[in-house]
Amino acid sequence: MQQVYEQHLSAPHDDALPRSEACDALSQWLGYGRRGRWLVVIDNVDDVEEVLPRFMEKMPSSAVGDMLATTRASGTRVVSTVPWAACVEQGCLRTSDAAVVVWRLVCAYNAQHGTRYGWYGCQQAAPSAQVLAESSHPKVPDEVPPELRQLWLEARGEYTALVDLANDSHHGFGGLPLALVAGTGALCIRGHSFSAFLAACEKEMLGRIVSTTGSTVVGKPPPSATQFLQRYKIGSDRAGAIVASLGGGGHVTLGDLSELDEDETIL
């Protein structure tokens, strides 16, 4: 709240207010200083019992707006803290949607860095459905997303590898949004195609992990799915619930993710 006040409400040459005064000033502005409804987004709220009540109690009764909070906390915890909250839980993505997410992330990376990872056409816009229909190519199956039809037509093996990476196979990302982002980052950092990265995932998880010092430890079992999620600051209860919803308990088989530092910027 202090940062929002300093970036959007204070004059450029004003002295910085103490945190409590800045928070009060923002609350007063939301309550009295503007017309129309507002939307405040509070991202990645881990301590919902502390953060949400503190924000709500500062809102004057005249405030007219909405608050959207994203959190890994359960809906039960949120509702027990804010009884009138409406909770929507985001689960794992379908394979087709997850494949499109990986595709878009690789395209964005290629556009930013001038690379051709994933597949050489990743930085190019896919042709329209009309162009595909008018071409002499074979009919594209309905289950292939429009954005991936060019890949299916021109590089069937790369398309299959992309789908295998995106889905819940033993070496895939499981449709988990966090795993999709981290895994795609590993692919781009290594400069692999979809098929090469898939092959690396299958090969490198056979009886090895990478320790925090960077050395290879042979014969040590890979982390469990719960342990892997906890590495990315997902609480043990939430991690266990995610694994259980996936039919869990199995090993994480994406070797490249064990090489990423916790604070490393992926994309």
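Residues numbered from 1 in each chain as written. Predicted model: local features only at pLDDT ≥ 70, side-chain atom pairs only at ≥ 80, totals over all residues. Heavy atoms only, no water.

Participant: What's the story with the confidence of the model for the protein chain in this structure? I'm lost.
Facilitator: Low pLDDT means the predicted atomic positions in that stretch should not be read closely. Taken as a whole, the protein chain shows an average pLDDT of 76; of its residues, 68% reach a score of 70 or greater. Per-residue pLDDT, averaged within each element of the protein chain, yields its smallest value for strand β3 (residues 208–210) (41) and its largest for helix α5 (residues 95–113) (94). In this model, residues 206–220 is a region of pLDDT below 50 whose contacts with residues beyond four sequence positions or in other chains number 19 contacts. (pLDDT = per-residue confidence, 0-100. Helix = DSSP H or I, 4+ residues; strand = E, 2+ residues; numbered from the N terminus. Contact = heavy atoms within 4.5 Å.)

Participant: Help me understand the environment of Tyr159 in this model?
Facilitator: Mapped onto the fold, Tyr159 is located in helix α8 (residues 156–166). A relative accessible area of 11% places Tyr159 in the buried class. With 36 residues separating them in the primary sequence, Tyr159 and Ser195 have C-alpha atoms 8.5 Å apart. When near neighbours in sequence (up to four residues on either side) are disregarded, Tyr159 contacts Glu143, Val144, Pro145, Leu148, Leu151 and Trp152. (Buried < 20%, exposed > 50% of the residue type's maximum accessible area, 1.4 Å probe, protein only.)

Participant: I would appreciate a short explanation of α5 in the present structure.
Facilitator: Each full turn of the α-helix corresponds to 3.6 residues, which orients residues three or four apart in the same direction. Here α5 is 19 residues long and its end C-alpha atoms lie 27 Å apart, about the 27 Å a rise of 1.5 Å per residue gives. The set of residues buried in α5 consists of Ala98, Ala99, Val100, Val102, Trp103, Val106, Cys107, Tyr109 and Asn110. Just downstream of α5 lies Gly114, where phi reads positive at about 65°. (Expected span 1.5 Å × (residues − 1).)

Participant: I would appreciate a short explanation of the pairing of strand β1 (residues 38–42) in the present structure.
Facilitator: What you see with β1 is a clean split: Trp38, Val40 and Ile42 sit on the buried side and Leu39 and Val41 on the side with no burial. Across five bridges, β1 lies against strand β2 (residues 65–69) in parallel orientation. Of the residues in β2, the one forming a bridge with Leu39 is Asp66. (Pairing = 2+ DSSP bridges.)

Participant: Whenever I open this one, unusual backbone geometry confuses me. Can you help?
Facilitator: Outside of glycine, negative phi angles account for most residues, and trans bonds account for most peptide bonds. You will see that Asn44, though not glycine, has its phi angle at about 60°, which is positive. Its location among the elements puts Asn44 in the loop between β1 and α3 (48–57). Assessed through its relative accessible area of 42%, Asn44 is described here as partly exposed.

Participant: Help me out: how do you make sense of the layout of surface pockets in this one?
Facilitator: The probe, sized like a water molecule, is rolled over the atoms to show the empty space still left. Roughly 700 Å³ of volume is contained in the second largest pocket. Lining of the second largest pocket is provided by 23 residues; of these, Met1, Gln2, Cys23, Leu26 and Phe55 occupy positions nearest its centre. Put simply, the parts of the chain that give the lining of the second largest pocket at least two residues each are α1 (2–8), α2 (19–32), β1 and α3. The dominant element in the lining of the second largest pocket, judged by the number of residues it contributes, is α2, at six residues. Of the residues in the lining of the second largest pocket, the class split is 14 nonpolar, four polar and five charged. (1 Å grid on protein atoms, 1.4 Å probe; cavity = no way out; pocket = protein on both sides within 12 Å on 5 of 7 lines; lining within 4 Å. Points joined across faces, edges and corners; volume = space filled by probe spheres on them. Nonpolar A, V, L, I, M, F, W, Y, C, P; charged D, E, K, R; others polar.)

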